[in-house]
Every structure is written in structure tokens, then in C-alpha cells.
Amino acid sequence: DILLRRGRLGHRRTARPKMLSLASSYTAFGFAPGAAAAVLPARRVMIAAASHPAMSATGTETLDFTGGALRNNKDLTDTDLTRMGRRARPNIDWSNLRARLEVEFGFKEEELKQYDDVSKADLLKGYEMMQLCRQFENACNQAYMQGHIRGFMHLDNGQEAIPALIADAIKPGDKAVSYYREHTHALAKGVSPDAIMAELWAKDGGTCRGTGGSMHIYDKETNFQGGWALVCEQLPYAAGAARSILLDRQLDPDGTKDDDRIAVVFVGEGGAQNGRMAECLNAAAKENLPLLFIVIDNGRAINTFTPDVAANNDVFEQGQHYGVPGIRVDGGSMEQTLKTGRAVVDYVRTKGPAIMQVHTYRFQGHSPADPEHERGRKDEKKWARAEADPIKLFEADEAASGLDLDGALKSVKAVVKQSLDFARESPPPPAELAKEL
């Protein structure tokens, strides 16, 4: 019964007495299309969009799969969306983000002007990185189904604005520490697509000679310090990486006088409820570590709808107790993610730790072993792919006009094909390698 309540076994949640009936639980997770929606307690219907006065449901037409009618997103309340097991995209424009950067991060008006525009060249680079990540993950999924990739694998489709930011604002010397859904973070950090794919295929040409697999990409040359498999396991290691930067500066002040390296760590909004987050925020604040917490807020803690288990989903505000500023951005907008990310990264380089929460959607299930039709999510995924795909949204945006998007897509497809060829032709690890592990 306890395991069922935690969502670890089966696809049903046990009803909580006096709070939520089984029928309303099904409705909240989208299991019972057409069923009368029960009223959930206020705390249960809290979603990310409701936490900021400038945020509300918005967008174009979408299907209300509960009622089967075509409605405008603006006609769907946050509670409606929560009952369907989904969240509204946060309606945050650059003026809102700019204001928070000024108030919470202490940026002056003159400083903020440098973030107002992203050049066409940088937008094209961002788009190319998003497409590289999308095409790479699609290829991984196909290879998994064909039996070339085995074991655990977690795909990042729908969250590509985050690696676009990493490629744009994070430098080669910066240390990046990720979790188990890290292929795209490694790509954005500059790790060879060939080596990543070969690692997934358990081949000797992989980043760890085929011994790590999907969840353990590691590359010393680009300072990509893993994929870590356990939830939040990466956080203290990232704090240590940031501390090592300060130690380098202390031991060699002359040689590091121009050192502006930072450490960046990725964590889900569900994982951020873990106690390690509080410990690392405290450590980062106490020692003023150059550490950026990127919170990937896709609304799901594995398969659990995060608002159903978290009292507060505003992870970007967790740092208030420690004096660590935070901000939330819509990951459906690559341009705003780049603008905000550049400012936050510069803050960490010069001032200290910060939190950046990116509201996004994960299109695939938790892993290929968890297909999207499980837990009633098929309709939700249709909605998200139509309304919240950062690639489609950018392609339809005026900012994309005049850019050679077709050329970028053609280029990344060639890179992905090369990575598959490399993985296929790479030999397996030698037997004697096992003695070294």
C-alpha cells in the first residue's frame, strides 16, 4: 500500500482519506476522459504557473481531451489543466524576467541592456543545438528498440532549450555535473557525439570505453563530470567541483587571477525536493561557491505528477532562506532561455550561486521501458508536442525569419548518422578491461 501511494508500483494511486477520492485521482492523472472532474484541495492543484502574478494559461487552440472539445488555452484554467495531468506554459515575457533580474539579482539597467538581444547567428546556433539533441535522442530511441542499446536509458526530447543555453553560455573550462538524463547536456558541453553514441552502444570508442552506458557519460577534456544514476546524487559532487575552483584560486592566486570558471549542476524539480538540495544550497551560500543550479521543471518526478507530492513547486525560491537568488523561465522559448541564462551565468561568474528553474515538458516516458501511453499520458503528450515544443515554437517565431533552418537540420542529421556509424564500427571493450573496474 505504501509503495502504491508513492507511485513506485502499478499505475494507480491509493486514495487519501478525506482528501482525494479514487475517481478524482484518476481524473487528475488523465485516466478517465469524459468523467466528471472532482474538485481537488487547493494545495493539490498548485502548479508552477500560479506562483507568479504574470503567469497564466496561454497559447493557441488545444484539445481538451477530458471533454473532447476544442478550446483555447486561455479558456482552460490552471485547475482544468491539472485535472488533465498537465500544466500551463508560464506566460513570462522578457520584461518580467528583466524585472526579477534587477530586483533579485541586483542587475542595473545599464547592465541588463546587454541581454536584451540575441544575434541571428547565436539564434541559429541555438536552433542547431536543439535539433542536434532532438535528432540524436531519436536515433538513440531507435537503436534501443533495435537492441543495440541496452540497460537504462532516459531521453530528453522536449527540453532542448536547456542544452541550447549550455552551448551558448557555458565555457569549456566550466565544470558540468548532470544526472541520468544527460546525453544532450554532454553534447552541449562539447563531448563528441561519436563517443557518446559509442558509450551507449557499450563500445570501446565510448567516453568510458563502454563501461558506463547511458547514465554515466564522463569526459575529462570538456569537464563533463557525469551522469549520476541516483536521484540528486550529483548535487554534492557539483558543490565539490565549485569548491575546487575556489581552492585553485586560493592555491595559485597569480595564475588564476583571470579565472571565471563556474560549476553547473542539473536537477529535476522532483529531485530538488530531496534534502541534498538544501544541504548544497547552504554550502554554496556559506562559501559563496560559483555554482549554478539548473532545475529542469517538467512537472514529473519520474512518473509522479510533481504538484501531487510537492507542497511547493517554486524551486527557484528555495534559495531565499540562504540568500541565493533564483528565477524561472519558460523553456518553450529558446530566445528567452538564452537571454535569462546569459544574465544568470554572468551573475554566478562574478557574484555567487544562483538557481535557474526552466519550465519544460518531457515528451517521452521516463525511459523506453515506460512508454508514453502508460499512466494516461498519451493525450497529454499530444498536447505538449503541439503547444510546448521549443523547436516548433522557435520555427514559428518571427525571430527565426531569414535563418537557414533547413541547412541546420541537414547538418545535424549528418552528424547523428556519423555517430551511429562510429558506434556500429567501434569494437567492444577488451575482456581484460573488466579487471580494471
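Everything discussed here concerns the structure shown above.
Counting starts from 1 at the beginning of each chain's written sequence and moves along it residue by residue. Under the rules for a predicted model, residues below a pLDDT of 70 receive no local features and side-chain atom pairs below 80 are neither given nor counted, while totals for whole chains, interfaces and linings still include all residues. Side-chain numbers here rest on the full set of heavy atoms in the structure, without hydrogens or water.

Q: Could you give an account of the environment of L124, naming the residues involved and the relevant values?
A: Summarising the element assignment, L124 is placed in helix α6 (residues 120-145). For this analysis, residues touch if any pair of their heavy atoms sits within 4.5 Å. When near neighbours in sequence (up to four residues on either side) are disregarded, L124 contacts L403, D404, L405 and A408. Put simply, DSSP H or I for four residues or longer makes a helix, DSSP E for two residues or longer makes a strand, and each gets a number counted from the N terminus.

Q: Could you give an account of unusual backbone geometry, naming the residues involved and the relevant values?
A: In most cases, non-glycine residues show a negative phi, while peptide bonds are predominantly trans. Positioned with a positive phi, A202 is a non-glycine residue whose angle comes to about 60 degrees. For A202, the location among the structural elements is in the loop between α9 (193-200) and α10 (234-251). For A202, a relative accessible area of 37% gives the class partly exposed. Of note, N288 is a non-glycine position whose phi angle comes to about 50 degrees, a positive value. You can see N288 is positioned in the loop between α11 (275-286) and β5 (291-297). Think of it in three bands: with a 1.4 Å probe and only protein chains considered, a residue is buried below 20% of the maximum accessible area for its type, exposed above 50%, and partly exposed in between.

Q: Outline α9, listing residues and values.
A: Buried residues dominate α9, accounting for eight of its eight residues. Looking at α9, one finds that the buried residues are P193, D194, A195, I196, M197, A198, E199 and L200. Structurally, α9 contributes buried residues whose contacts are with α6, α8 (183-189) and α15 (405-425). Whenever a nitrogen or oxygen atom comes within 3.5 Å of another N or O atom, the pair is scored as a polar contact, on the condition that within protein one atom can donate a hydrogen and the other can accept it, and that pairs from neighbouring residues in sequence are kept only if both atoms are in side chains. You can read the cap of α9 off the contacts: a side-chain oxygen lies 3.2 Å from the backbone nitrogen of D194, and it is on S192. Downstream of α9 by one or two residues, A202 has phi in the positive range, about 60 degrees.

Q: Before we move on, can you summarise the packing of aromatic side chains with the specific residues and values?
A: The relative placement of two aromatic rings is captured by the distance of their centres and the angle of their planes. Working definition: rings of Phe, Tyr and Trp (its six-membered ring) pair if their centres are within 6.5 Å, and the pair is stacked with planes under 30 degrees apart, edge-to-face with planes over 60 apart, and tilted otherwise. Summed over the entire model, instances satisfying the criterion amount to four aromatic pairs. Each ring, one from F107 and one from Y115, has its centre 5.8 Å from the other, and the planes form 85 degrees; the classification is edge-to-face. For the pair F107 and Y115, a shared accessibility class is recorded, and that class is buried. Between Y179 and Y180, the ring centres sit 5.1 Å apart and the planes meet at 45 degrees, which makes this aromatic pair tilted. We note that Y179, like Y180, is buried.

Q: Now, about the nonpolar core: what can you tell me, with residues and values included?
A: Generally speaking, nonpolar side chains in soluble globular proteins are found buried as a group. Core analysis: the biggest nonpolar cluster contains 72 residues, and L101, I294 and F394 have the highest contact counts within it. Among the elements that take part in this core, α6 stands out by supplying ten residues, more than any other. Setting aside its immediate chain neighbours within four residues, I294 contacts I162, L165, I166, V264, V265, F266, V267, M356 and V358. For this analysis, a nonpolar core means a set of buried residues of the types Ala, Val, Leu, Ile, Met, Phe, Trp, Tyr and Cys, connected via side-chain atoms within 4.5 Å. By size, the runner-up hydrophobic cluster in this structure holds 23 residues, among which are C232, L281, V315 and F316.

Q: Explain the sheet that holds strand β3 (residues 175-177) residue by residue, including any values.
A: Strand-to-strand pairing in sheets goes through backbone hydrogen bonds, with the strands running parallel or antiparallel. Strand order across the open sheet formed by five strands is β3-β4-β5-β9-β8, with parallel pairing between neighbours. Taken across any chain shown, the strands that pair with only one partner, and hence form the sheet edges, are β3 and β8 (326-330). Strand-to-strand twist of the sheet, defined as the mean angle between neighbouring strand axes without regard to direction, takes the value 20 degrees. Pairing between β8 and strand β9 (residues 354-359): five bridges, direction parallel. Paired strands, in this sense, are two strands between which DSSP finds at least two bridges. Note on method: axes are straight lines fitted to C-alpha atoms, helices fitted across the in-contact stretch only, with angles between N-to-C directions ranging 0 to 180 degrees.

Q: Explain the pattern of salt bridges to me, and be specific about the residues and the numbers.
A: As a working rule, side chains carrying opposite charge can pair if their charged atoms are close by. Salt bridge, as used here, is a side-chain nitrogen of Lys or Arg placed within 4 Å of a carboxyl oxygen of Asp or Glu. Throughout the structure, instances matching the rule amount to 19 salt bridges. The partner of D174 in a salt bridge is R349, with the nearest N and O atoms 2.6 Å apart. Of the two residues, D174 is situated in the loop between α7 (161-169) and β3 and R349 in helix α12 (residues 334-350); the sequence distance between them amounts to 175 residues. A relative accessible area of 12% means that R349 is categorised as buried. By sharing partners, the salt bridges in this structure join D248, R249, D259 and R261 into a single network.

Q: Got a sec to walk through the environment of P236? Specific residues and values, please.
A: Note on placement: P236 falls in helix α10. As a C-alpha pair, P236 and V265 span 29 residues in sequence and 9.6 Å in three-dimensional space. Among residues more than four places away in sequence, those in contact with P236 are R276 and C280.

Q: I'd like to hear about the pairing of β9, residue by residue, with values.
A: With six of six residues buried, β9 is to be regarded as a mostly interior element. The two faces of β9 match: A354, M356 and V358 on one face and I355, Q357 and H359 on the other face are all buried. Of the pairings in the sheet, the one linking β5 to β9 comprises six bridges and is parallel in character. Of the residues in β9, the one forming a bridge with I294 is M356. The parallel pair β8 and β9 is bridged by α12, and the resulting crossover is right-handed. Consider the strands pointing away from the viewer: the crossover is right-handed when the path from the first strand over the helix to the second runs clockwise.

Q: Break down the packing of α10 against α11 for me, with residues and values.
A: Look at α10 against α11: their axes get within 9 Å of each other, and the N-to-C directions meet at 10 degrees. In terms of orientation, α10 lies roughly parallel with respect to α11. Of the two possible hands of crossing, α10 and α11 adopt the one that is right-handed. Residue-level contacts link L235, P236 and A239 of α10 to R276, M277 and C280 of α11. Looking at the contact of α10 with α11 residue by residue, the class counts come to five nonpolar, no polar and one charged. With respect to orientation, any angle under 35 degrees is reported as roughly parallel, any angle over 145 as roughly antiparallel, any angle of 65 to 115 as roughly perpendicular, and every other angle as oblique. Note on convention: near helix rotated counterclockwise from far helix by under a right angle means a left-handed crossing. Clockwise means right-handed. When residues are sorted by character, Ala, Val, Leu, Ile, Met, Phe, Trp, Tyr, Cys and Pro go into the nonpolar class, Asp, Glu, Lys and Arg into the charged class, and all the rest, Gly among them, into the polar class.

Q: Requested: an account of helix α4 (residues 94-104), with residues and values cited.
A: At 3.6 residues per turn, the α-helix brings residues three or four places apart onto the same side. All of the buried residues along α4 are W94, L97, R98, R100 and L101. The arc enclosing the buried residues of α4, seen along the axis, measures out at 165 degrees, which places them on a common side. For α4, the elements touching its buried residues are α5 (109-112), β8 and α12. Among the residues trailing α4, G106 stands out with phi positive, at a value near 80 degrees. Arc, as used here, means the arc of the directions from the helix axis to the C-beta atoms.

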